[in-house]
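Commentary on secondary and tertiary structure
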Amino acid sequence: MPSTALSNEQLIAEYLPYNKKEDKAITAEELYNQNWIKTRHQVALADTAKDLGNRAAENLFEQWNIRKEEIQYLVFVSDALDYKGPTTACVMQNDLGLNKSIGAIDVLHGCTGFVYGLSLISALIESRQIENALLVTADIPTKVIHPADIELRAIFSDAGAATFLSREKIKNGINAEVGKFVFGTDGSGENALKVERSGSRNPADITWLKQFKEVPHGNTGGKLYMKSSAIFLFALRTVPKLVEQILQKEGLSREDIDYYVFHQANGQMLDFIGKRMKLPKEKVIINIENIGNTVSASIPIALYQEFKKNKFNPQHKALLAGFGIGLSWGATTLKFT
Amino acid sequence: MNIENFIHKLEAEFDELEPGTLQKNTSFKDLDEWSSMHALIIIALIDTEYDVVLTGEDLSQISTVEELYGIVKVRKE
C-alpha cells in the first residue's frame, strides 16, 4: 500500500472548497458510519498501479523465497493499465527481472479481478501449459476521483497485491488449493460504475480536462462515476446468490466455510450481508477500517492480513467472492492444506 | 406506478420478510427485522427505481408503507 494515508478529517478539509452552501456540513463520524473506513491510501502522483504491483511482487519474492527465474507466467489484473499498448504485464517482466520465456497478459477487471486471475491461472496450470504463475492485482482509484466526490474518496483506496500459484506446494508455511468457480456478468450496469473519459469511447478532450486544472491529478486518467444506490442494491442482491451458487457447485453448506472473504467494498454493507445470510460474525472478514476499498487488491490483502493473525489452519476453507464494476461477479473457494 | 407494485418491489429487497408481510398500513420501522440498513435499502431502491432521492429525514417523518408511497408519488410528479 502507498504510505500516504488519508483520514476522514483530511478528506473533509479537501472537500470544503467544493461544498455548496446549501449542503450541510459532513463530519468524520458520518463518513465512517457510511462504510466503516477511517483511513485509505493514496498513491504518489508519479506512480501507477503497475508500480504498486511491482512492489508487492518484490515483497512476495523476498518473504516467501520465491525465485523469480522460476516464474513461468504473469497475469496483471487492474482497471488502471499503464498503456493501451504494450501490455502492462510485458513491461513488468522487465521491471521485475522475470525470465524472457514467460507468458504475460493483462486482465482489465476491477472488484472481481482477483477471482478472474485465480481462475485463469488455475486453468493454465491444470491444462499443463505452465507449472506456476505470478498474479498481480493492483488499482489506483484515487487518481480518477475528483475531490468534490467525497463519498467516492471515502471508499476507494490504492493498493497492489501479489499472489503466487504453483502446482508444487511450498514446504514451510501454509498452502491453499483453489476450488471451483462461478461467474456472473451484467453489462447493462455499464453506466452505474464507470471511469468516464478514460478510454476510446468519449476520450478526454481539452474542454473537458480544463474543468479539472485545479485538481492535483487533473483527472487526466478519467473520472470515476458511481451510482451508489444502484451498486448498493446490486451487491445486496448478488452476494447472497453468489455464495449459494459456489457452495452448491462445491457441494458444501454455509457451515462448512470457515472464512468468508468478500471483496472489501464497504464494511457496513458486508456486515449487513453477513447478518442477512446468518453467517457467524467471526467468519465474515472485514478489514476495511484502515485500508479502504482497494478494488482488485482487496481480497488478497484481506487474506494476507488474516494469515498474519494465524487464522488459517490446514483443512480450513475460505470462500472468496468478488463483485462490482462491469457489472461483474465471481466466486471460488480456498482449501488450506 | 401503483402501490401494489411498489410494495412488491420493497418486499423483493427485504429478504427477511415473508411475502405478504408488507401492507399499505404496515409501519415498516416497527418490524422486528428493521435496522438502519433497511432505511438505506429503501432510499437506494427508490432512487434506482423511481429516480426520487429521499433523505433520512424524509423517512423519519413517515411510518407506513402508504405514506412512503405517497412521498414518492408526489416527488415523481
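Residues numbered from 1 in each chain as written. Chains lettered and ligands numbered in written order. Predicted model: local features only at pLDDT ≥ 70, side-chain atom pairs only at ≥ 80, totals over all residues. Heavy atoms only, no water.

Focus on the overall build of chain A
Selection rule: By definition, any uninterrupted DSSP run of H or I lasting at least four residues is a helix, any uninterrupted run of E lasting at least two residues is a strand, and each is numbered from the N terminus. Burial classification: accessible surface area is computed with a 1.4 Å probe over protein chains only, and a residue below 20% of its type maximum counts as buried, one above 50% as exposed, and the rest as partly exposed. In this analysis, two residues are considered to be in contact whenever any of their non-hydrogen atoms come within 4.5 Å of each other. Residues scored as charged are limited to Lys and Arg (positive) and Asp and Glu (negative), so that His and the chain ends carry no count. By convention, charge coordinates are those of NZ in Lys, CZ in Arg, CG in Asp, or CD in Glu.
Scanning chain A for helices and strands turns up 10 helices and 12 strands. Expressed along its principal axes, the backbone C-alpha trace of chain A runs to roughly 60 × 50 × 35 Å. Burial statistics for chain A: of 337 residues in total, 53% are counted as buried. The long-range share in chain A, meaning contacts at least 24 apart out of those at least 6 apart in sequence, stands at 76%. For chain A, the distance from the average site of its 39 positive side-chain charges to the average site of its 38 negative ones is 3 Å.

Description of the overall build of chain B
Spelled out, the test is: Put simply, the radius of gyration uses C-alpha atoms, and a globule should come to 2.2 Å times the residue count raised to 0.38.
From N to C terminus, chain B includes four helices and zero strands. Along its sequence from the N terminus, chain B presents helices and strands in the succession α-α-α-α. Against the compact-globule benchmark of 11 Å for 77 residues, chain B has a radius of gyration of 11 Å, which places it among compact chains. Principal axes of the C-alpha set define a box for chain B whose edges measure 30 × 25 × 20 Å. For chain B, the proportion of its 77 residues judged to be buried stands at 44%.

Observations concerning the confidence of the model for chain B
Residues and elements named next belong to chain B. Applied cut-off: Residue-level confidence of the predictor, termed pLDDT, takes values from 0 up to 100.
Model confidence for chain B is summarised by a mean pLDDT of 88, while 100% of its residues fall at 70 or above. The least confident element of chain B is helix α3 (residues 56-60), whose mean pLDDT is 86; the most confident is helix α4 (residues 65-76), at 90. Scored as a whole, the predicted complex attains pTM 0.93, and scored at its interfaces, ipTM 0.83.

Side note on unusual backbone geometry
Residues and elements named next belong to chain A. The step from Gly 85 to Pro 86 runs through a cis peptide bond, and the omega angle for that step is 5 degrees. In the segment running from Gly 326 into Leu 327, the intervening peptide bond is cis, with an omega of -10 degrees. Structurally, Leu 327 can be placed in the loop between β11 (317-324) and β12 (328-336). Unlike most non-glycine residues, Asn 202 shows phi in positive territory, near 45 degrees.

Examining the interface of chain B and chain A
Note the cut-off: Two parts lose some accessible area (1.4 Å probe) when they are put together, and adding that loss for both gives the buried area. We define a salt bridge as a contact between a side-chain nitrogen of Lys or Arg and a carboxyl oxygen of Asp or Glu at a distance within 4 Å. Counted as a polar contact is a pair of N or O atoms within 3.5 Å, where, for protein atoms, one must be capable of donating a hydrogen and the other of accepting one, and residues adjacent in sequence contribute only when both atoms are in side chains. When residue character is reported, Ala, Val, Leu, Ile, Met, Phe, Trp, Tyr, Cys and Pro are called nonpolar, Asp, Glu, Lys and Arg charged, and the others, Gly included, polar.
Contacts between the two partners involve 16 residues from chain B and, on the opposite side, 11 residues from chain A. Looking at the side of chain B facing chain A, the largest losses of area belong to B:Glu13, B:Met37 and B:Thr48, adding up to 43% of the total buried there. Put simply, chain B and chain A have two salt bridges between them. There are five residue pairs in polar contact (both at pLDDT 80 or more) connecting chain B and chain A. Top element by residues in the side of chain B that touches chain A is helix α2 (residues 36-50) of chain B. It accounts for 10 residues. Of the residues belonging to the side of chain B that touches chain A, the class tally is six nonpolar, four polar and six charged.

Concerning the packing of aromatic side chains
Each aromatic ring pair is characterised by the separation of its centres together with the angle its planes make. All names here are of chain B. Operational definition: Here the aromatic set is Phe, Tyr and Trp, taking the six-membered ring for Trp, and pairing holds for ring centres within 6.5 Å; pairs whose planes are under 30 degrees apart are stacked, those over 60 apart are edge-to-face, and all others are tilted.
Enumeration over the complete set of coordinates arrives at 12 aromatic pairs over all chains. Plain terms: the ring middles of Phe 28 and Trp 34 are 5.4 Å apart, the flat faces sit at 50 degrees to each other, and that makes the pair tilted. For Phe 28, a relative accessible area of 2% gives the class buried. Of the residues examined, Trp 34 reaches a relative accessible area of 23% and is grouped as partly exposed.

Section: the nonpolar core
Worth spelling out the cut-off: Joining through side-chain atoms within 4.5 Å is the link that ties buried Ala, Val, Leu, Ile, Met, Phe, Trp, Tyr and Cys residues into a set, and such a set is a nonpolar core.
Formed by 69 residues in total, the largest nonpolar core has its most connected members in A:Phe262, A:Phe323 and B:Leu68. Ranked by the residues each element gives to this core, the list is headed by helix α8 (residues 228-250) of chain A, at 12 residues. Look past the residues within four positions of B:Leu68 in its chain and what remains in contact with it is B:Phe6, B:Leu10, B:Phe28, B:Ile42, B:Ile46, B:Leu54, B:Leu59 and B:Ile62. If you look at the next biggest cluster of nonpolar residues, it comprises 27 residues, including A:Leu124, A:Ile125, A:Ile130 and A:Ile174.

Quick look at the pattern of salt bridges
All names here are of chain A. Going through the model one piece at a time under the given rule, you end up with 21 salt bridges over all chains. Between Arg 197 and Asp 205 there is a salt bridge, with its nearest N and O atoms 3.6 Å apart. If you follow the salt bridges from partner to partner, you end up with Lys 50, Asp 82 and Asp 95 in one network.

Considering the packing of helix α1 (residues 3-13) of chain B against α2(B)
All names here are of chain B. For clarity, the cut-off: A fitted line through C-alpha atoms serves as each axis, taken over the contacting stretch for helices, and the angle formed by two N-to-C directions is quoted from 0 to 180°. Put simply, angles under 35 degrees are roughly parallel, angles over 145 are roughly antiparallel, angles from 65 to 115 are roughly perpendicular, and the rest are oblique. With the far helix as reference, a near helix turned anticlockwise by less than a right angle produces a left-handed crossing, and one turned clockwise produces a right-handed crossing.
In the contact formed by α1 and α2, the axes pass within 11 Å of each other and the chain directions differ by 130 degrees. Comparing the axis directions of α1 and α2 gives the class oblique. Where α1 crosses over α2, the two elements pack in a sense that is right-handed. For the pair formed by α1 and α2, the contact residues are Asn 5, Phe 6, Lys 9, Leu 10 and Glu 13 on the first element and Ile 41, Ile 42, Leu 45, Ile 46, Glu 49 and Tyr 50 on the second. Class assignment for the residues of the contact of α1 with α2 results in seven nonpolar, one polar and three charged.

Section: the environment of A:Asp186
All names here are of chain A. Its place among the elements puts Asp 186 in the loop between β7 (176-185) and β8 (193-196). A relative accessible area of 32% places Asp 186 in the partly exposed class. Between the C-alpha atom of Asp 186 and that of Leu 327, which follows or precedes it by 141 residues, the distance is 5.1 Å. If we skip the residues at most four places from it in the chain, Asp 186 touches Gly 326, Leu 327 and Trp 329. Among the polar contacts listed, one links the side chain of Asp 186 to the side chain of Ser 188, at a separation of 2.6 Å.

So, α1(B)
For clarity, the cut-off: The arc in question is the one traced by the directions running from the helix axis out to the C-beta atoms.
Within α1(B) the residues assigned to the buried category are B:Ile3, B:Phe6, B:Ile7, B:Leu10, B:Glu11 and B:Glu13. Down the axis of α1(B), the buried side of the element spans an arc of 160 degrees, and every buried residue falls inside it. Among the exposed residues of α1(B), those oriented more than 90 degrees off its buried face are B:Glu4 and B:His8. Summarising the contacts, the buried residues of α1(B) are in contact with α8 and α9 (267-276) of chain A together with α2 and α4 of chain B.

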